[in-house]
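Structural characterization, general
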There are 2 protein chains.
Amino acid sequence: MPSASASRRSQEKPREIMDAAEDYAKERYGVSSMIQSQEKPDRVLVRVSDLTVHRADEVVWVRARVHTSRAKGKQCFLVLRQQQFNVQALVAVGDHASKQMVKFAANINKESIVDIEGVVRKVNQKIGSCTQQDVELHVQKIYVISLAEPRLPLQLDDAVRPEVEEEEGRATVNQDTRLDNRVIDLRTSTSQAVFRLQSGICQLFRETLINKGFVEIQTPKIISAASEGGANVFTVSYFKNNAYLAQSPQLYKQMCICADFEKVFCIGPVFRAEDSNTHRHLTEFVGLDIEMAFNYHYHEVVEEIADTLVQIFKGLQERFQTEIRTVNKQFPCEPFKFLEPTLRLEYCEALAMLREAGIEMGDEEDLSTPNEKLLGRLVKEKYDTDFYILDKYPLAVRPFYTMPDPRNPKQSNSYDMFMRGEEILSGAQRIHDPQLLTERALHHGIDLEKIKAYIDSFRFGAPPHAGGGIGLERVTMLFLGLHNVRQTSMFPRDPKRLTP
Amino acid sequence: MPSASASRRSQEKPREIMDAAEDYAKERYGVSSMIQSQEKPDRVLVRVSDLTVHRADEVVWVRARVHTSRAKGKQCFLVLRQQQFNVQALVAVGDHASKQMVKFAANINKESIVDIEGVVRKVNQKIGSCTQQDVELHVQKIYVISLAEPRLPLQLDDAVRPEVEEEEGRATVNQDTRLDNRVIDLRTSTSQAVFRLQSGICQLFRETLINKGFVEIQTPKIISAASEGGANVFTVSYFKNNAYLAQSPQLYKQMCICADFEKVFCIGPVFRAEDSNTHRHLTEFVGLDIEMAFNYHYHEVVEEIADTLVQIFKGLQERFQTEIRTVNKQFPCEPFKFLEPTLRLEYCEALAMLREAGIEMGDEEDLSTPNEKLLGRLVKEKYDTDFYILDKYPLAVRPFYTMPDPRNPKQSNSYDMFMRGEEILSGAQRIHDPQLLTERALHHGIDLEKIKAYIDSFRFGAPPHAGGGIGLERVTMLFLGLHNVRQTSMFPRDPKRLTP
């Protein structure tokens, strides 16, 4: 906004002249006092992404971080960063800047936030290291709004370096250092892209389901009894009693189905007290949960869930290409492939494929993680898809509330869904008959008293229904081809990490 | 789908003839075996809401609950309910139904789910007690899909009766009975409307913020240290240590601001271990949280938050009129009023209004609940709005991280927002300077070691920012003019209630 800045310049002139002897630019730089909402200046801050040749020769105000600074004789080059965008800025001794001002600019700690007034100038040679390649900012004023400490716990440039370059001897940042200093690690272009895409997954999930007539529900996380028999559950002190953290919203989703909401979804934290220190387990993660009454066959639900995931994949590939490319720069990866309709295999078919590949497995045995991954590769080779459904799991490996297959008592009406060979969803037709549910709970040795409220939910008429829970962090990780779920959880929780 | 049912009929004929002696309709009714996804019949189920004169004389299949049944000589009238819609059905002795079949229909327990094949018939006199007033269903087949137990813990008709009729001696249902049997209570038209509208609030909140360029984030609920000094926090056993449940996502939202996300929001559970047994406190509720970096003045954020709420109110009044009317039938209430732009009063102005109304209060005293409500009435009288902002709270009554007012050390850059005289949002400009934050934490007697990760977040450059947290259940309650937050929490948690 040239007019406002011009008027400000003219106000300052008398002083400038007065102090010229010692530093004629004295008023043009410095550390601002803390912004406490003292005033409402009539000043527009231009986005770094808007600094293009269209603004050539305009005087603009910009707020950004000092990404790097490099002094060189009578001038100082700064790279100013704003989210994933950056621009070069030049402070050079001349009419607007004194040598003291150049020195001040050169000494600003990296990551400090500055307000800069400058003229947008077209450059003759593209600036390859910046996103704004065609312009640079000629600084007229520079004020530090928030000063960073001089020693950064990690360097942003190291944090976005592809792992392959580590082998070439260049610095990268290990995961614990990243997570210990997450506030800085999240500033990298990779992190910004990962979490913008994750926000998109949630948005697409809801958009799709709301269009399909689903209702969003909120389910309690503090529960009075461990839902699935008491293993792997966190205990909470609840006034004078104990309570637990919900391992899934499933029982509540089901109650909503019994309460005639028909199609419900929720997004919320899920807690698992498992002492698993793997690349894909967290003690707290975000569940994208679906539950739906169906007419005659649980495949009606399987199709809705699979289509929801397909809509998410499509939406991400349509709306988040920039983010995908940004992440791929650091973590190269094949584009995610999927079929329409989604491939559905039965468990026994998967067993046959694995056995053919030399794996020995019993009919009622669950898939181990290595076998899951191998199966993913076999399916990719045969069907050219990174996403598929595995249907009809053995009853023995599923929870008590899973509906047995009416045709084969050793099978169940249950399914998992996989992305790049890793499970992202587990689901099933649920038993909606209180008597069968009681029998199955007893068979699993579950204390009926503890699940009384759950079983009672089905006593007053319950439609057949099915559903499933999706792990948000896993979907993000596997869609982007990342290798650790801690990369896709902003503040991950595992048995060894509770901070920040 | 007349064709499919016709073919089914013809298949059944031989048997019908065979059994005619004892019961010629024997195959046309009964209790179906449990739906275990045995088959995928090619049968379309028509929605009750689609049963209109446009379908007159069509043969349709419908799945619904038996809301009531009333036998009368050779016929039985059923009211079939599907969510908020219902239709009358008639089983009459004749070609399709035997007297045994009529008796069977009359004896089906209320709330059971049935599949019915019937002919849609136009009626001469509107059926006032049903939503589908112009047609009834002449039943040809009726099968129980899920049988309800004979004794219901509450009657749905009692559960939707306006409280005023209780005074006339008609039965209503008390809150604990409702909550103990929530699965049934949630089936009422009032509950269905309340929670559909609540789903709409979440949707409008996100829609508005995503349009404003906000990013959705997910923040951890298990934290290593009590965020606000340790009072009112639930303790969790975390492997061999203790952890806590987050009382708000605020510190994490702020870290996202320090990580350059600029504008973030989240929706998630919030936990408060307060032994408060009031109409508006829950130990677990859903927080709609916003945090935003601003340029020069926190009012930039206040305006965005207020506008977001206004967009929610408008969206509800536009898209959820049916739900609002349904709730008003049971709980009559004035339409919610708001101004654009939102009214913003300073705390000292509110004090003056209260003092003028005879209330004695100190300058640095917080508002009590009765004074909040009185103020709401005074504001409504003077400005004709149910929604307003109260700005510039005394510093003494706000948390340590609240930015003091630079002009008046006893005031702060903080605000609450009110609906119908009750607080629904609390927010502030946060201190983004680690040194001032440390001073204020010490002033509040907070153990610095416990908030180290939080304070450290601001050491590497932090923009000025502000935000706030909205209580979802309160917004739903106050928008609809309900009187207890337990009506707007599906499965409420309070010091005395953890089930269902």
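The rules behind these values
- Throughout this document, residue positions are counted from 1 along each chain, in the order its sequence is written.
- Key to labels: chains lettered from A, ligands numbered from 1, both in the order written.
- Residues qualify for local features only when their pLDDT is at least 70, as the model is predicted, and side-chain atom pairs are given and counted only at 80 or more; totals for whole chains, interfaces and linings, by contrast, use all residues.
- Hydrogens are left out, water is left out, and the side-chain values use all remaining heavy atoms of the structure.
- UniProt positions are given in the numbering used here, feature names are shortened, and annotations may be inferred rather than shown by experiment.
- Contacts are assigned to residue pairs with any non-hydrogen atoms lying within 4.5 Å of each other.
- Throughout, buried area stands for the accessible area (probe radius 1.4 Å) lost by two parts on being put together, summed over both.
- Basic side-chain nitrogens of Lys or Arg form a salt bridge, by our definition, when they fall within 4 Å of a carboxyl oxygen of Asp or Glu.
- Polar contacts, as used here, are pairs of N or O atoms within 3.5 Å; protein pairs need one atom able to donate a hydrogen and one able to accept it. Residues neighboring in sequence count only if both atoms are side-chain atoms.
- Three categories are distinguished: nonpolar for Ala, Val, Leu, Ile, Met, Phe, Trp, Tyr, Cys and Pro, charged for Asp, Glu, Lys and Arg, and polar for the others, with Gly belonging to the last.
- We superpose the copies by least squares over the C-alpha atoms of residues that have a pLDDT of at least 70 in both of them.
- Each residue is assigned to one of three classes by its accessible area relative to the maximum for its type, calculated with a 1.4 Å probe on protein chains only: buried under 20%, partly exposed between the two thresholds, exposed over 50%.
- Strands are runs of DSSP state E lasting at least two residues, helices are runs of H or I lasting at least four, and both sets are numbered from the N terminus onward.
- Here, any two strands with at least 2 DSSP bridges between them count as paired.
- As used in this record, nonpolar core signifies buried Ala, Val, Leu, Ile, Met, Phe, Trp, Tyr and Cys residues forming a set joined through side-chain atoms within 4.5 Å.
- Axis angles are defined between N-to-C directions and span 0 to 180 degrees, where every axis is a line fitted to C-alpha atoms and, for a helix, only to the segment in contact.
- Within this analysis, the arc is defined by the directions that extend from the helix axis to the C-beta atoms.
- Oblique is the label for every angle not falling under 35 degrees (roughly parallel), over 145 degrees (roughly antiparallel), or within 65 to 115 degrees (roughly perpendicular).
- Helix crossings get a hand from a simple test, with the near helix turned counterclockwise from the far one by less than a right angle marking a left-handed crossing and a clockwise turn marking a right-handed one.
- Stacked, edge-to-face and tilted labels apply to pairs of Phe, Tyr and Trp rings (six-membered ring for Trp) whose centres lie within 6.5 Å, assigned for plane angles under 30 degrees, over 60, and everything in between, in that order.
- Placement of a charge over a ring requires the Lys NZ or Arg CZ to be within 6 Å of the ring centre, with the centre-to-atom vector within 35 degrees of the ring normal.
- What makes a patch is a set of residues exposed beyond 30% relative accessible area and free of salt bridges, joined within 9 Å when like-charged and within 5 Å when nonpolar (Val, Leu, Ile, Met, Phe, Trp, Tyr).
- Accessible surface area values rest on a Shrake-Rupley calculation with a 1.4 Å probe, where residue burial reflects the displayed protein chains alone.
- Neither His nor the chain termini are counted; the positive set is Lys and Arg, and the negative set is Asp and Glu.
- For the purpose of locating charges, the reference atoms are NZ of Lys, CZ of Arg, CG of Asp and CD of Glu.

You'll find chain A entered in an unreviewed UniProt entry as Aspartate--tRNA ligase, cytoplasmic, with Panthera tigris altaica given as the organism. Database annotation for chain A, UniProt heading Catalytic activity (unreviewed entry): "tRNA(Asp) + L-aspartate + ATP = L-aspartyl-tRNA(Asp) + AMP + diphosphate".

1. Some thoughts on the interface of chain A and chain B
By convention, interface size is frequently given as the accessible area that disappears when the constituent parts associate. At the interface, 110 residues of chain A touch 109 residues of chain B. The contact between chain A and chain B buries some 9300 Å² in all, and 59% of this surface belongs to carbon and sulfur atoms. Summed over the three residues of chain A that lose the most area to chain B, namely A:Gln218, A:Tyr296 and A:Phe460, the buried surface amounts to 9% of that side. Applying the counting rule to chain A against chain B returns 10 salt bridges. One salt bridge connects A:Arg81 with B:Asp260, and the closest N-O pair in it is separated by 3.3 Å. Seen at the junction of chain A and chain B, the total is 70 residue pairs in polar contact (both at pLDDT 80 or more). Its residues placed into classes, the side of chain A that touches chain B shows 56 nonpolar, 25 polar and 29 charged.

2. Some words on the relation of the copies chain A and chain B
At an RMSD of 0.0 Å, chain A and chain B line up after a rotation of 180 degrees and a shift of 0.0 Å along the axis. Both chain copies can therefore be described as sitting about a two-fold axis. By C-alpha distance to the rotation axis, the residue of chain A lying nearest is A:Val236, at 2.2 Å. A symmetric contact is evident, with 99% of the interface residues of chain A recurring at the interface of chain B.

3. Notes on the pairing of strand 5 (residues 113–122) of chain B
Residue and element names in this part refer to chain B. Of all 10 residues that make up strand 5, eight are buried, and the element is covered over most of its length. Bridging between strand 2 (residues 59–72) and strand 5 involves seven bridges; their strand directions are antiparallel. If you follow Arg65 over to strand 5, its bridge partner there is Ile113. Pairing analysis gives 10 bridges linking strand 5 to strand 6 (residues 135–146), with the strands arranged antiparallel. By the bridge assignment, Ile116 is partnered in strand 6 with Ile142.

4. Some remarks on the nonpolar core
Core analysis: the biggest nonpolar cluster contains 92 residues, and B:Phe387, B:Tyr415, B:Met417 and B:Ile424 have the highest contact counts within it. Not counting the four nearest positions on each side in its chain, B:Phe387 is found in contact with B:Ala306, B:Leu309, B:Val310, B:Phe313, B:Phe336, B:Lys337, B:Phe338, B:Thr342, B:Met417, B:Phe418, B:Met419 and B:Ile424. Counting 91 residues, the second-largest nonpolar core is a separate cluster that includes A:Val286, A:Tyr298, A:Phe331 and B:Leu437.

5. Side note on the sheet that holds strand 16 (residues 422–430) of chain B
Residues and elements named next belong to chain B. Ordered in space as 7-11-12-17-16-15-14-13, the eight strands form an open sheet in which the pairing is mixed. Taken across any chain shown, the strands that pair with only one partner, and hence form the sheet edges, are strand 7 (215–216) and strand 13 (343–346). In this structure, strand 7 lies alongside strand 11 (residues 263–271), joined through two bridges in parallel fashion. Note that in strand 11 the partner of Glu216 across the bridge is Phe265. Against the sheet, helix 9 (residues 299–319) touches strand 11, strand 12 (284–293), strand 13, strand 14 (387–391), strand 15 (414–419), strand 16 and strand 17 (465–471), its axis set at about 15 degrees to strand 15.

6. Observations regarding the side chain of A:Glu216
Looking at where A:Glu216 falls in the secondary structure, it is placed in strand 7 (residues 215–216). Taking the relative accessible area as the measure of exposure, A:Glu216 reaches 6% and is therefore buried. The residues touching A:Glu216, leaving out its near neighbours within four places in the chain, are A:Arg206, A:Phe265, B:Ser199, B:Cys202 and B:Arg206.

7. Regarding helix 2 (residues 99–106) of chain A
Residues and elements named next belong to chain A. All of the buried residues in helix 2 are Met101, Val102, Phe104 and Ala105. Each buried residue of helix 2 sits inside an arc of 160 degrees when the element is viewed along its axis, so together they form one side. Turned more than 90 degrees away from the buried face of helix 2, the exposed residues are Lys99 and Lys103. The inward-facing, buried residues of helix 2 contact strand 1 (29–31), strand 2 (59–72), strand 3 (75–82), strand 4 (85–92) and strand 6 (135–146).

8. Remarks on the packing of helix 7 (residues 189–211) of chain A against helix 7 (residues 189–211) of chain B
At a closest axis distance of 12 Å, the pairing of helix 7 of chain A and helix 7 of chain B adopts a crossing angle of 130 degrees. By the criterion of interaxial angle, the relationship of helix 7 of chain A to helix 7 of chain B is oblique. Crossing geometry of helix 7 of chain A relative to helix 7 of chain B is assigned as left-handed. Contacts from A:Gln203, A:Arg206 and A:Ile210 of helix 7 of chain A reach helix 7 of chain B at B:Gln203, B:Arg206 and B:Ile210. Here the contact of helix 7 of chain A with helix 7 of chain B is composed, by residue class, of two nonpolar, two polar and two charged.

9. What to know about the pairing of strand 17 of chain B
All names here are of chain B. Taking burial as the measure, the seven residues of strand 17 include six buried ones, the bulk of the element. Bridge count between strand 12 and strand 17: seven bridges; the pairing is antiparallel. If you follow Gly287 over to strand 17, its bridge partner there is Gly471. In terms of strand pairing, strand 16 meets strand 17 through six bridges, oriented antiparallel. By the bridge assignment for strand 17, Arg430 is matched with His465.

10. What to know about the side chain of B:Gln247
The topology assignment puts B:Gln247 in the loop between strand 10 (241–245) and helix 8 (250–258). On the basis of relative accessible area, B:Gln247 is assigned to the buried category, the value being 6%.

11. Re the packing of helix 9 (residues 299–319) of chain A against helix 10 (residues 321–330) of chain A
Residues and elements named next belong to chain A. Here helix 9 crosses helix 10 at 85 degrees, and the two axes come no closer than 5 Å. Compared by their axis directions, helix 9 and helix 10 come out roughly perpendicular. Of helix 10, the residues touching helix 9 (which contributes Leu316, Gln317 and Arg319) are Gln321, Glu323 and Ile324. A class-by-class count of the residues in the contact of helix 9 with helix 10 yields two nonpolar, two polar and two charged.

12. Concerning the sheet that holds strand 16 (residues 422–429) of chain A
Backbone hydrogen bonds are what pair the strands of a sheet, in a parallel or an antiparallel way. Residues and elements named next belong to chain A. Read across the sheet, eight strands follow the order 7-11-12-17-16-15-14-13 without closing on themselves; strand pairing throughout is mixed. Two strands bound the open sheet, and with one partner strand each, they are strand 7 and strand 13 (343–346). Where strand 16 meets strand 17 (residues 465–471), five bridges bridge the pair, whose relative direction is antiparallel. Opposite Ser426, over in strand 17, you have Gly469 as the bridge partner.

13. A short note on the packing of aromatic side chains
The final tally for this structure, using the stated rule, is 38 aromatic pairs over all chains. With centroids separated by 5.1 Å and ring planes inclined at 45 degrees, the aromatic side chains of B:Tyr29 and B:Phe104 adopt a geometry described as tilted. Of this pair, B:Tyr29 sits in strand 1 (residues 29–31) while B:Phe104 sits in helix 2 (residues 99–106), and the two are 75 residues apart along the sequence. An aromatic cluster of three or more residues is present, and its members are A:Phe313, A:Phe336, A:Phe338, A:Phe387 and A:Phe479. Above the plane of the ring of B:Trp61 lies B:Arg43, whose end atom (NZ or CZ) is 3.7 Å from the centre.

14. Notes on a negative patch on the surface
Residues and elements named next belong to chain A. On the surface, Glu163, Glu166, Glu167 and Glu168 cluster together into a patch of negative charge. Among the structural elements, Glu168 can be located in the loop between helix 4 (163–167) and helix 5 (175–180). On the basis of relative accessibility, which here comes to 58%, the residue Glu168 falls in the exposed class.

15. Overview of the pattern of salt bridges
All names here are of chain A. All told, the structure shown has 80 salt bridges over all chains when counted by the stated rule. Between Arg344 and Asp391 there is a salt bridge, and its shortest N-O distance comes to 3.2 Å. Of this pair, Arg344 sits in strand 13 while Asp391 sits in strand 14 (residues 387–391); the two residues are 47 residues apart in sequence, bridging distant segments of the chain. Residue classification places Asp391 among the buried residues on the basis of a relative accessible area of 0%. Where Lys373 meets Glu422, a salt bridge forms, and the shortest distance between an N and an O atom there is 3.8 Å.

16. Overview of the environment of A:Arg206
Residue position: A:Arg206 is located in helix 7. Setting aside residues no more than four positions away along its own chain, A:Arg206 makes contact with A:Glu216, A:Phe265, A:Ile267, B:Arg206, B:Ile210 and B:Glu216.

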